[in-house]
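Inside the fold
Below are the chains, spelled out letter by letter.
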Amino acid sequence: MKKVCVIGLGYIGLPTATILSESGFNVVGVDTNAAVVAKINQGNSHICESNLSEKVAKAIAEGRLRAGTLPEAADVFIIAVPTPFTAEKEADLTAVRSAAESLLSYLRKGNLVILESTVPPRTTLDLLLPIFKKTGLEIGKELQVAFCPERVLPGKILEELIFNSRVVGGVDHASAFAARELYASFVKGDIYLTDSTTAEMTKLMENTYRDVNIALANEFALIAEQSGVNIWEAIRYANNHPRVNIHQPGPGVGGHCIAVDPWFIVEQAGSLARLIRTAREINDGMPGYVVERVQQLLSGVSSPRIAVLGMTYKANVADCRESPALEIINLLREKGFFVSVCDPLAQDELLLPLEEALAGADLLLLLVGHHDFRSLDPLKAAKLLRRPLVFDTRGVLERGSWERAGFLLATLGEFFPVQKGATINENTAAH
Ligand code: SAJ
């Protein structure tokens, strides 16, 4: 049984370590956070992801997986540490560098090291290899090195780890073949072999494609509002075309991948990456746009109270990292609005149960399309809110039932009841 050492026990490292342990590997997970290590060793997952807790508990109980704060000698090392961006929107590779350096005294002839963290092109060649050359091992012959990006969707991580295809980028042929052998032990999707730099760019292109597509949808949404088009319907019809796949507009792009990775291309490509930069700016502008619309909706209302539904970065996950909802909530509070927030999945002590968040509010602002919010009963909401006013930024509420319950329903990219500068009449809007 081969031993694998996984460096970084976050959203990618812990599920990967767990799946490897299920596939017959002896796995040791390493994290610099001692509290995370202790929690995992007690059989608990610190990450909210379906089925993960049960699998971690079983793997720990059966002794297939354990965690520690220092690496150990192993056959394979997988680096899955975060790569955030700096204030200048450049990749912060500190964690990758220190993870690679932490392996130096453990690397032996015949080892394979795989980097899974998302990085700018050439990082494996220009950052990792010079570090690993310090071992004196000959790269390719004695030490194999590959970049194999993770491509899993939060909320479906365990399923996608197995069924998605993988791109395996070796620094040479031997490294690519060795990495393929590891992934073939648990991946049911296709495995494509290439060089490490192409694999690095492939990963960035996937998330950039999505970001640019969402920016296009957001731009369409703003144009639709001006021209009386229902953008949700228009996108649905356009996507019936066999070669069109327009994504959904919304209050912004969050999470730690799509809002970050395109900047790694901009960082390297500079002025060549015009479209990519503009898309980022469009998506980053959406929270401010939502706040402007809220101000218009509530202008003329004294001491307005807003019930925000949703704080996570997207629907049906518990993760709030880089969430546009957080930015919107902060901006609204800065502008003096009283904001109460409900999110059935997020963990935050300031969150309120639905009824309490809605009670006495002048506006229901829907920011995340969680299942629970889609099925919200408008008659129940009507009894709780002070004013029958809703702003749906995800296009998920059914207009007919909300209007029948007496609501004025504003929807991003569809129908806006006020023109710029106009105010809602206190008497007509109130119950
Ligand atoms: N969003 C929209 N409109 C859409 C789709 C998403 O506004 O049509 C927003 C979401 O609300 C969210 C953000 O974009 O705020 C990102 O959500 P997401 O579901 O598009 O992506 P992530 O960040 O959860 O996961 C992505 C995935 N990449 C692709 O689908 C190309 C995943 O496969 C990657 O593994 C992951 O990034 C990653 O780790 O890089």
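The structure this text deals with has already been given above.
Residues numbered from 1 in each chain as written. Predicted model: local features only at pLDDT ≥ 70, side-chain atom pairs only at ≥ 80, totals over all residues. Heavy atoms only, no water.

Of regular secondary structure, the protein possesses 17 helices and 13 strands. The C-alpha atoms of the protein give a radius of gyration of 24 Å, which matches the 22 Å a tight globule of 431 residues would have. In terms of overall dimensions, the protein has a C-alpha envelope of 80 × 50 × 40 Å along the principal axes. Looking at the protein alone, contacts between residues at least 24 apart form 73% of all its contacts between residues at least 6 apart. Accessible area for the protein stands at about 18,900 Å²; split by element, carbon and sulfur atoms hold 53% of it. A gap of 2 Å separates the mean positions of the 42 positive and 50 negative side-chain charges of the protein. (Helix = DSSP H or I, 4+ residues; strand = E, 2+ residues; numbered from the N terminus. Rg over C-alpha atoms; globule rule 2.2 N^0.38 Å. Contact = heavy atoms within 4.5 Å. Areas by Shrake-Rupley, 256 points an atom, 1.4 Å probe, with all protein chains shown as cover. Lys, Arg positive; Asp, Glu negative; His and termini not counted. Charge placed at Lys NZ, Arg CZ, Asp CG, Glu CD.)

Checked against the element boundaries, Glu200 lands in helix H8 (residues 196–227). Here Glu200 occupies a buried position and makes no salt bridge, while the nearest side chain of opposite charge, Arg122, is found at 7.4 Å. Contact partners of Glu200, with chain neighbours within four places excluded, come to Val119, Pro120, Pro121, Arg122, Thr123, Thr124 and Phe147. (Buried < 20%, exposed > 50% of the residue type's maximum accessible area, 1.4 Å probe, protein only. Salt bridge = Lys/Arg side-chain N within 4 Å of Asp/Glu carboxyl O.)

Within this structure, the stated rule accounts for 19 salt bridges. Linking Glu72 and Lys3 is a salt bridge whose minimum nitrogen-to-oxygen distance equals 2.7 Å. Of this pair, Glu72 sits in the loop between strand S3 (65–68) and strand S4 (76–79) while Lys3 is found in strand S1 (residues 3–7), placing the two residues 69 residues apart along the sequence. Since its relative accessible area comes to 22%, Glu72 is described here as partly exposed. Look at Lys3 and you get buried, because its relative accessible area is 17%. The residue Asp362 makes a salt bridge to Arg386 at a minimum N-O spacing of 2.7 Å. Linking Asp362 in the loop between helix H13 (354–358) and strand S11 (363–366) with Arg386 in the loop between helix H15 (378–384) and strand S12 (389–392), this pair joins segments that are 24 residues apart in sequence.

Time to look at the pairing of S11. On a regular strand, one side chain projects to one face of the sheet and the next to the other, so that they alternate. Alternating positions in S11 separate into two faces, Leu363 and Leu365 on one and Leu364 and Leu366 on the other, with burial throughout. Across 4 bridges, the pairing between strand S9 (residues 305–309) and S11 is parallel. Pairing of Val308 across the sheet is with Leu365, part of S11. Sheet topology places S11 next to S12; 3 bridges connect them, and they run parallel. If you follow Leu365 over to S12, its bridge partner there is Phe391. (Pairing = 2+ DSSP bridges.)

Moving on to the packing of aromatic side chains. Within this structure, the stated rule accounts for 2 aromatic pairs. Between Tyr183 and Phe186 the ring centres are 5.9 Å apart and the planes differ by 55°, which places this aromatic pair in the tilted class. On the basis of relative accessibility, which here comes to 5%, the residue Phe186 falls in the buried class. One Lys or Arg, Arg305, reaches over the ring of Phe338 and ends 4.1 Å from the middle of that ring. (Phe/Tyr/Trp six-rings, centres within 6.5 Å; stacked < 30°, edge-to-face > 60°. Lys NZ or Arg CZ within 6 Å of the ring centre and 35° of its normal.)

Moving on, we come to H8. With 32 residues, H8 extends 47 Å between its outermost C-alpha atoms, agreeing within 8% with the 46 Å of an ideal straight helix rising 1.5 Å per residue. Phi turns positive, to about 70°, at Gly228, one or two residues after H8. (Expected span 1.5 Å × (residues − 1).)

Another aspect to go through is the site of the ligand. Among the 21 residues in the neighbourhood of the ligand, the closest are listed as Glu150, Val152, Lys203, Arg210 and Tyr313. Between the ligand and the protein, one listed contact pairs an oxygen atom with a backbone N or O atom of Val152 at 2.7 Å. Considered on its own, the ligand offers 770 Å² of accessible surface; in the complex 89% of this is hidden by protein. Looking at the shell around the ligand, the element that brings in the most residues is H8, giving 5 residues. Across the shell around the ligand, the residue classes tally to 8 nonpolar, 5 polar and 8 charged. (Near = heavy atom within 4 Å. Polar contact = N/O pair within 3.5 Å; in protein donor to acceptor, adjacent residues only side chain to side chain. Nonpolar A, V, L, I, M, F, W, Y, C, P; charged D, E, K, R; others polar.)

Moving on, we come to the nonpolar core. Residues Val4, Leu20, Ile40, Ile78, Ile114, Leu182 and Tyr183 are the most contacted members of the largest nonpolar core, which totals 39 residues. Once residues lying within four places of it in the same chain are set aside, the contact partners of Tyr183 are Ile114, Glu116, Cys148, Arg166, Val168 and Ile191. Counting 38 residues, the second largest nonpolar core, distinct from the first, contains Ile79, Leu137, Ala199 and Ala273. (Core = buried A, V, L, I, M, F, W, Y, C linked by side-chain atoms within 4.5 Å.)

Glancing now at the sheet that holds S1. A sheet is described by the order of its strands in space; here 8 strands give the open sequence S3-S2-S1-S4-S5-S6-S7-S8, paired in mixed fashion. Of all the strands in the sheet, just S3 and strand S8 (191–195) have a single pairing partner and so form its edges. Strand-to-strand twist in this sheet, taken as the mean axis angle between neighbours without regard to direction, amounts to 25°. Strand direction decides the pairing type here: strand S2 (residues 26–30) and S3, joined by 4 bridges, are parallel. Residue pairing in the sheet places Gly29 in a bridge with Ala67 of S3. Contacts from helix H1 (residues 13–22) reach S1, S2, S3 and S4 within the one sheet, and its direction differs from that of S1 by about 170°. (Axes fitted to C-alpha atoms, helices over the stretch in contact; angles between N-to-C directions.)

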